[in-house]
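Examination of the molecular architecture
As a plain string of letters, each chain reads:
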There are 2 protein chains.
Amino acid sequence: MKRISIIGLGLIGGSIAKALKNADAEINISAFDPFITNENINLYKPYIDKILSSEKESLENSDIIFICTPLETALKQFSELAPLLNENQIITDVAGVKFPFEEIWKSCNSKGKYIGGHPMTGKEKGGFENSDPLLFENAIYILTEETNDISLLKEFEDLIHLLGTNILHIPAKQHDVIAASVSHLPQLISVALVNTASLKTDKYNFLDLAAGGFRDMTRIASSDFSIWESVIAQNRDEILAAIEKFQIELDSMKTNIEKLNLNQLKDRFESSRKTRDEIPKNTKGFLSPLFDVFVYVKDEPGVISKISTALFKRNINIKDIELLKIREGSGGTFRLSFESKDDSEEAKLIIQEIGFEIR
Amino acid sequence: MKRISIIGLGLIGGSIAKALKNADAEINISAFDPFITNENINLYKPYIDKILSSEKESLENSDIIFICTPLETALKQFSELAPLLNENQIITDVAGVKFPFEEIWKSCNSKGKYIGGHPMTGKEKGGFENSDPLLFENAIYILTEETNDISLLKEFEDLIHLLGTNILHIPAKQHDVIAASVSHLPQLISVALVNTASLKTDKYNFLDLAAGGFRDMTRIASSDFSIWESVIAQNRDEILAAIEKFQIELDSMKTNIEKLNLNQLKDRFESSRKTRDEIPKNTKGFLSPLFDVFVYVKDEPGVISKISTALFKRNINIKDIELLKIREGSGGTFRLSFESKDDSEEAKLIIQEIGFEIR
């Protein structure tokens, strides 16, 4: 019987607890979270076998420790716990930057094992109250393992598969290089683009003319800095390298525009078109800009059209829809994605009004 | 009775003809387009009172000449026709770059009047066959008038209002500065971003992890260079200025990341968030987004043609179609993308009317 400790029962930690408990009730889950109080403990009880009173208690209660706190806290807890593992214990984390963990690991001479993880999923709202056993369904779970123990890794992978994810192995450094390029750089560019375009003259507000595609392109510019602050600090070198590569590319385009080298520009446009058309369409990537609502529907014909009609009547546009899980004769769960948080919140109310269950 | 000539019966010119004729059958419309032949002339006949055999014939047949050809051709035709106007004639155009027309106008000593125009609307597919009297409905029609004749301007505006648009007055130079900032710059950045992120190492294709938000953010990177070539050439100075502003902003963010000046970075994030939330949500801007509809279809031959025919009959243009999911023997889900929310919402109703399930 596996014993798991989860440190931090927010969206990810809570979803891991729920998914594992749903998948296998035999798994023993202990957890530490300072937000658990006497008043709210009943929320946690169905999923958590034992509430721990400190991070360190996890060392006595588990074979695998999941650190699921925000990046800076996670690094601190990782530094404290990693050196104290015994030879049978695995420590893992779920942070979006991976190399700093590996550096700590290499310097701490632990007897245990470290397997870094980055589940590529999320929701707009955090917290245990928004956690969901289906959060990982069909998502990519990146592992940046630092263990050569194949049987141990296999065991860990079996556990991760219980979440419903697809595993992808990428070394920590490589992960951070890719994340800088396809997630952190686009975020910074989006912010810079909005700031650049936000001119107001006496008479004209540029952005009044920047609707539609400009909104789509800069959606992530509305992200909260608090989630980016530690990512930027921890992945600084890779982010700087990605910015520099982008600057070189943009500067060369600028030179070609200056000199009206239209053939060279054409090559860059065609290369980008070809490349972009190769981006996979059906997986969640590093950037997840839509706002998800999970709806449970019984197995009846026409339910989805009932929901979409109700939303349509209220002017709510569904941007993406995905069937996550279906059980013959008993229904399934759909993920409906919306462009804005406001839309997703209103959609939840409407869907509940017409009698469906929000998950 | 107004006499209008339209030079170039593509998407915009054709839509103007249809919209004006629908609004007021008394308006006399003549047109020149080398694509009109004996075989296809019947397509045009309901809307065009007289087919002209050259651009210059428009001078004999109209009070107002609309030049609706692609940018480079439009500039050439404008140079030829503008000097030949009499004092009662107005010439106008619909191009996305405006200052080059004004420069030609100022140097040609015409007796007529010039009112520059830029209707902010469009569709993926061009040509008269895709033109639509509703193309302008609720769109912004920018006028960069170079006339002080208020009563003439009023008359012209009344005509433009027949298209269903909202008029916005912006001087030509200012228009091009704004377009560079909110349309041309984002286009170039999108291309540069895709080219920067398109790394492949031996083992990893970066873009495999760049789904979702990255695709959204770089949708316009798939644009065809042919539509950008003359825009870049004609608006070069404003585009270069916009790139430089962006470079300064990005460089300052880079310095703040280098020095870990997180408070300054936070300011930039917050400024962009605040600004972006002010972008109008329901108007068409310089860049048009797509609106998606998901349709579940059983596994039968010909369903998609049934749907597309029904939409076509109602003048709804499908901009993109993608098969998302298919189960052997039980059907699949298609994503249909539309240029406007109105189109997508009308499409949903039509698709349901003919018995398919919207997901």
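A brief report on the enclosed structure follows. (Residues numbered from 1 in each chain as written. Chains lettered and ligands numbered in written order. Predicted model: local features only at pLDDT ≥ 70, side-chain atom pairs only at ≥ 80, totals over all residues.)

1. What to know about the overall build of chain A
As a reminder of what qualifies: Counting from the N terminus, the helices are DSSP H or I runs at least four residues long and the strands are E runs at least two residues long. Every C-beta atom is placed from the backbone, and the number of other C-beta atoms within 10 Å of a residue's own sets its class: buried at 20 or more, exposed at 12 or fewer, partly exposed in between. Residues are defined as contacting one another if the C-beta atoms placed from their backbone atoms lie within 7 Å.
What chain A contains, in helices and strands, is 13 helices and twelve strands. Expressed as a percentage of the 359 residues in chain A, the buried residues total 49%. A separation threshold of at least 6 residues defines the contact pool for chain A, and within that pool the share at least 24 residues apart is 71%.

2. Here we look at unusual backbone geometry
If you check the backbone angles, Asn109(A) has positive phi at about 50° while not being a glycine. Checked against the element boundaries, Asn109(A) lands in the loop between α5 (99-107) and β6 (113-119). Residue classification places Asn109(A) among the exposed positions, given that 8 C-beta atoms sit within 10 Å. The backbone of Leu260(B) sits at a positive phi, close to 50°, despite the residue not being glycine. The exposure class assigned to Leu260(B) is partly exposed, which follows from the 13 C-beta atoms found within 10 Å.

3. Observations regarding the interface of chain B and chain A
Put simply, the rule is: Classification used: nonpolar for Ala, Val, Leu, Ile, Met, Phe, Trp, Tyr, Cys and Pro, charged for Asp, Glu, Lys and Arg, polar for all others including Gly.
Contact with chain B, which involves 89 residues of that partner, is made by 86 residues of chain A. The biggest single contributor to the side of chain B that touches chain A is helix α7 (residues 172-197) of chain B, with 15 residues. Across the side of chain B that touches chain A, the residue classes break down as 46 nonpolar, 18 polar and 25 charged.

4. What to know about the sheet that holds strand β6 (residues 113-119) of chain B
Rules: One bridge is not enough; two strands pair if DSSP finds at least two bridges between them.
Strand order in the open sheet formed by eight strands is β3-β2-β1-β4-β5-β6-β7-β8 (chain B), and the pairing between neighbours is mixed. Every interior strand has two partners, whereas the edge strands, β3 (50-51) and β8 (166-169) of chain B, have only one.

5. What to know about helix α11 (residues 262-276) of chain A
All names here are of chain A. What counts is decided by this rule: For a helix, the expected span equals 1.5 Å multiplied by the number of residues minus one. It is the directions from the helix axis to the C-beta atoms that the arc portrays.
Between the first and last C-alpha of α11 there are 21 Å, a value that for 15 residues agrees with the 21 Å anticipated at 1.5 Å per step. Regarding α11, the residues found buried are Leu265, Arg268, Phe269, Ser272, Thr275 and Arg276. The buried side chains of α11 occupy one side of the element, clustering within an arc of 135° when seen end-on. Projecting away from the buried face of α11 at angles above 90 degrees are the exposed residues Asn263 and Lys274.

6. Section: the sheet that holds strand β8 (residues 166-169) of chain A
All names here are of chain A. How we decide: Axis lines are fitted to C-alpha atoms, over the contacting stretch for helices. Their N-to-C directions set the angle, which ranges from 0 to 180 degrees.
Strand order in the open sheet formed by eight strands is β3-β2-β1-β4-β5-β6-β7-β8, and the pairing between neighbours is mixed. Strands at the two margins of the open sheet, each flanked by one partner only, are β3 (50-51) and β8. Judged from the five bridges that link them, strand β1 (residues 3-7) and strand β2 (residues 28-32) form a sheet pairing that is parallel. Bridged to Ser5 within β2 is Ser30. Along the sheet face, helix α6 (residues 150-161) touches β4 (64-67), β5 (90-93), β6, β7 (140-145) and β8 and points at about 30° away from the line of β6.

7. Things to note about helix α5 (residues 99-107) of chain B
All names here are of chain B. Buried within α5 are the following residues: Phe99, Pro100, Phe101 and Trp105. Check the buried side of α5 and you find it contacts α4 (71-81), β5 (90-93), β6, α7 and α9 (225-234). Positive backbone phi, at 50°, marks Asn109, one or two positions downstream of α5.

8. What to know about the nonpolar core
Convention followed: We call a set of buried Ala, Val, Leu, Ile, Met, Phe, Trp, Tyr and Cys residues a nonpolar core when their C-beta atoms link them within 7 Å.
Formed by 180 residues in total, the largest nonpolar core has its most connected members in Ile6(A), Phe66(A), Ile6(B) and Phe66(B). With residues up to four places along the chain from it excluded, the contact list for Phe66(B) reads Ile4(B), Ser5(B), Ile6(B), Ile7(B), Gly13(B), Ile16(B), Thr92(B) and Val94(B). Of all hydrophobic cores here, the second largest spans 15 residues; its members include Phe294(B), Val295(B), Ile316(B) and Leu336(B).

9. Quick look at the packing of helix α10 (residues 236-258) of chain B against helix α11 (residues 262-277) of chain B
Relative placement of two packed helices is described by the angle separating their axes and the distance separating the axes. Residues and elements named next belong to chain B. The condition that has to hold: Crossings are classed by handedness, with left-handed meaning an anticlockwise turn of the near helix from the far one by less than a right angle and right-handed meaning a clockwise turn.
For the pair α10 and α11, interaxial distance at closest approach is 8 Å and the crossing angle is 145°. Here α10 runs over α11; the crossing is left-handed. Here Met253, Asn256 and Ile257 of α10 come into contact with α11, specifically with Gln264, Leu265 and Arg268. Split into classes, the residues belonging to the contact of α10 with α11 amount to three nonpolar, two polar and one charged.

10. Observations concerning the environment of Leu43(B)
Along the polypeptide, Leu43(B) turns up in helix α2 (residues 41-44). Leu43(B) sits 138 residues away from Ser181(B) along the chain, and the two C-alpha atoms are 39 Å apart.

11. Considerations on the packing of helix α9 (residues 225-234) of chain A against α11(B)
Formally: Should an angle fall under 35 degrees it is taken as roughly parallel, and over 145 as roughly antiparallel, whereas 65 to 115 is taken as roughly perpendicular and any remaining angle as oblique.
Where α9(A) contacts α11(B), the axes come no closer than 10 Å and their chain directions differ by 140°. Between α9(A) and α11(B), the crossing angle belongs to the class labelled oblique. Relative to α11(B), α9(A) is oriented so that their crossing is right-handed. Residues Phe225(A), Trp228(A), Glu229(A), Ile232(A) and Ala233(A) of α9(A) pack against Leu262(B), Leu265(B), Lys266(B), Phe269(B) and Glu270(B) of α11(B). Looking at the contact of α9(A) with α11(B) residue by residue, the class counts come to seven nonpolar, no polar and three charged.

By themselves, these figures tell us nothing about what the structure is for.
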